[in-house]
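# What the coordinates show
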Amino acid sequence: TNNLANNTSEVRFIGADKAITGEQANLVIQTNDDMAVDKGGSIGFGGRAKSSSTDSNNFAHISGRKENSTTSNFAGYLSFGTSDSASDIHERMRITSTGNVGIGTSSPAFPLHINSSSTDVAKFQTSGSYTYTRFQNSSKTWALSVGSGFGFYDEAASATRMLINSSGYVGIGN
């Protein structure tokens, strides 16, 4: 049942499902600029940033934009941006028309492309005492594991092929 009395939403759109493969949607946000690269609709998210003012600022945005300046080429990208302390919104992540995801780059060349000016690029963490990251192709699965040491694990053989223990010693094979 739909109980509108308990709904706390400010805006609600209700309509039939729209296929993801079509150019239809329940809500469409478009610009009316001339066709050009990096033009398209966006949604801003914000609120008040100063305690003594009623002025509003955007803290983040999501944009759908044209990826090129070619007529009748509908390739687009989805951009996610957040604000820095000066209130300037900068793109932080992009999903291209080919499905590549870029974090810290606007031109990802791989399915996941992370670019950082820091020496720390990614962190994989678990609340348990063991973590496991898989690498798989059509015929083989290997994993990097962190537990009592750092290991290279061959899933097909159910065997750790190399282990570096907490003292820095390296074990290879059985």
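Note: the structure precedes this text.
First, a word on what this report is: a plain description of the structure on this page. From a predicted model like this one, the values you see are computed outputs, not experimental measurements.

## What to know about the layout of surface pockets
Roughly 950 Å³ of internal volume is contained in the largest pocket. Broken down by secondary-structure element, the contributors of at least two residues to the lining of the largest pocket are β1 (42-48), β2 (56-66) and β3 (76-83). Among the elements that make up the lining of the largest pocket, the one with the highest residue count is β2 (five residues). Of the residues that constitute the lining of the largest pocket, the class distribution is twelve nonpolar, 13 polar and six charged.

## Looking at the sheet that holds strand β8 (residues 141-146)
Sheet strands line up and pair through hydrogen bonds in the backbone, either parallel or antiparallel. Sheet architecture is open: five strands sit in the order β7-β8-β9-β10-β11, paired in antiparallel fashion. Either end of the sheet is taken by a strand with one partner, and the two such strands are β7 (131-136) and β11 (170-172). Going from strand to strand, the sheet's axes swing by 15° on average, the running direction of each strand aside. Bridge analysis of β7 against β8 gives six bridges, and the strand direction is antiparallel. In the sheet register, threonine 131 faces β8, and the bridge partner there is valine 146.

## A word on the pattern of salt bridges
Counting across every chain of the model gives four salt bridges. Linking arginine 134 and glutamate 155 is a salt bridge whose minimum nitrogen-to-oxygen distance equals 2.6 Å. Separated by 21 residues along the polypeptide, arginine 134 in strand β7 and glutamate 155 in the loop between β9 (149-154) and β10 (159-165) bring together distant segments of the chain. In this structure, the salt-bridge partner of aspartate 154 is arginine 161, at a minimum N-O distance of 3.3 Å. Judged by relative accessible area, arginine 161 falls into the partly exposed class, the value being 33%.

## Some words on the sheet that holds β2
The six strands lie next to each other as β1-β2-β3-β4-β5-β6, forming an open sheet whose pairing is mixed. Each end of this open sheet is capped by a strand with a single partner; those strands are β1 and β6 (112-114). Between one strand axis and the next, the sheet turns through 20° on average, direction left out of account. Sheet topology note: the β2/β3 ladder contains seven bridges and is antiparallel. Among the inter-strand pairings, lysine 66 is bridged to a residue of β3, identified as glycine 76.

## Concerning the packing of aromatic side chains
Overall, the coordinates contain three aromatic pairs when judged by the stated rule. Aromatic side chains tyrosine 130 and tyrosine 132 sit 6.2 Å apart centroid to centroid with 25° between the ring planes, which places their arrangement in the stacked category. Under the relative-accessibility criterion, tyrosine 130 is labelled partly exposed at 45%. An aromatic cluster of three or more residues is present, and its members are Tyr130, Tyr132 and Tyr153. Lying across the ring of tyrosine 77, arginine 94 places its NZ or CZ 3.6 Å from the centre.

## Considering the pairing of β8
Side chains Thr141, Ala143 and Ser145 project from β8 onto a buried face, and the interleaved Trp142, Leu144 and Val146 project onto a face without burial. Between β7 and β8, which follow one another and run antiparallel, lie four residues. In this sheet, β9 lies alongside β8 in antiparallel orientation, the contact comprising five bridges. Residue serine 145 lies in a different strand from β9, and its bridge partner there is glycine 151.

Criteria and cut-off values
- Residues numbered from 1 in each chain as written.
- Predicted model: local features only at pLDDT ≥ 70, side-chain atom pairs only at ≥ 80, totals over all residues.
- Heavy atoms only, no water.
- 1 Å grid on protein atoms, 1.4 Å probe; cavity = no way out; pocket = protein on both sides within 12 Å on 5 of 7 lines; lining within 4 Å.
- Points joined across faces, edges and corners; volume = space filled by probe spheres on them.
- Helix = DSSP H or I, 4+ residues; strand = E, 2+ residues; numbered from the N terminus.
- Nonpolar A, V, L, I, M, F, W, Y, C, P; charged D, E, K, R; others polar.
- Pairing = 2+ DSSP bridges.
- Axes fitted to C-alpha atoms, helices over the stretch in contact; angles between N-to-C directions.
- Salt bridge = Lys/Arg side-chain N within 4 Å of Asp/Glu carboxyl O.
- Buried < 20%, exposed > 50% of the residue type's maximum accessible area, 1.4 Å probe, protein only.
- Phe/Tyr/Trp six-rings, centres within 6.5 Å; stacked < 30°, edge-to-face > 60°.
- Lys NZ or Arg CZ within 6 Å of the ring centre and 35° of its normal.

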